[in-house]
Amino acid sequence: MIYRISLIIILGVLMFSCAKSQEKVEKEITPVSEIKVSKYFNSEHIVEAEDLLKISEQDNIKIIDFRKPEVYNKAHISGALNIWRTDIEDTSYQYKGMMAHREQIETLFCRLGINNEDILVIYDDRGACDAARLWWVLKNYNFESVQLLNGGLVAWENAGGGYQ
């Protein structure tokens, strides 16, 4: 009997609190038409092509071209390192696409000359779909200094960046 009464009281409290919370949320919503956004809310993980142009020659900046090697070999940002999905996959599974272990990523970075102090800027030519995958893998393993090039190769070219 006490169990039923407790359950009814808990359900009543939940229903009452949800109704009050919903009323409060409805009052605080700003219409989308009134929101004026000129910058990203948080650009910690994004770098603009113009900004990358200014710092790209620094030793601690490593630009990563996250495209297939044959596409990379045709043209890429000067000095960019090439990494592709197969480089960051765990091949111990019978299917593709599984995230590589941290040790595999660290071995790859060591081979490419990437140090812990480096700032990594990743780009692709597909709207950052592929680049975001590498970004996510690195963030998953707590790599801190990783950014996406906003607009990828198109933005780089529009900003006057060179190719190799």
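Just above, that's the structure.
Conventions we followed
Numbers given for residues are sequential positions, taken from 1 along each chain in its written order. Per-residue local features of the predicted model are confined to residues with pLDDT of at least 70, and side-chain atom pairs are confined, for both listing and counting, to 80 or more; whole-chain, interface and lining totals are unaffected and use all residues. Side-chain descriptors were evaluated using all non-hydrogen atoms of the structure, hydrogens and water having been removed beforehand. When a carboxyl oxygen of Asp or Glu is within 4 Å of a side-chain nitrogen of Lys or Arg, the pair counts as a salt bridge. Here a strand is any run of E in DSSP of at least two residues, a helix any run of H or I of at least four, and the numbering for each starts at the N terminus. Pairing between two strands requires that DSSP report at least two bridges joining them. In these notes, a set of buried Ala, Val, Leu, Ile, Met, Phe, Trp, Tyr and Cys residues joined through side-chain atoms within 4.5 Å is what counts as a nonpolar core. Residue exposure (1.4 Å probe, protein chains only): buried if accessible area is under 20% of the type maximum, exposed if over 50%, otherwise partly exposed. Contact between two residues is taken to exist if any of their heavy atoms lie within 4.5 Å; hydrogens are not considered.

Bringing the pattern of salt bridges into the picture now. A full pass over the atoms with the stated rule returns six salt bridges. Of the charged contacts, one joins Asp130 and Arg85 as a salt bridge, the two residues approaching to 2.5 Å between their closest N and O atoms. Taken as a pair, Asp130 in helix α5 (residues 129-140) and Arg85 in the loop between β3 (81-82) and α4 (102-112) lie far apart in primary sequence, 45 residues in all. Across the salt bridge formed by Asp130 and Arg126, the nearest N and O atoms sit 3.2 Å from each other. Bridged by salt links that share partners, the residues Asp65, Arg67 and Asp125 form one connected network.

Turning our eyes to something else, we now look at the sheet that holds strand β4 (residues 119-123). With respect to topology, five strands assemble into an open sheet ordered β1-β5-β4-β2-β3, the strand pairing being parallel. The sheet is open, and its two edges are formed by β1 (46-47) and β3, each paired on a single side. Sheet topology places β1 next to strand β5 (residues 146-149); two bridges connect them, and they run parallel. Bridge pairing in β5 links Ile46 to Leu148.

Moving on, we come to the nonpolar core. With 21 residues, the main nonpolar core has Ile83, Ile88, Ile105, Phe109, Ile122, Leu134 and Leu138 as its most contacted residues. Among the secondary structure elements, those contributing two or more residues to this core are α4, β4, α5 and β5. Counting residues per element, this core draws most heavily on α5, at four residues. Discounting residues that sit within four places of it in the chain, Leu138 has contacts with Ile105, Phe109, Leu120, Ile122, Phe143 and Val146. In this structure, Leu52, Ile77, Ala155 and Trp156 belong to the second largest nonpolar core, which totals 13 residues.

Keep in mind that these numbers describe shape and distance, not what the molecule does.
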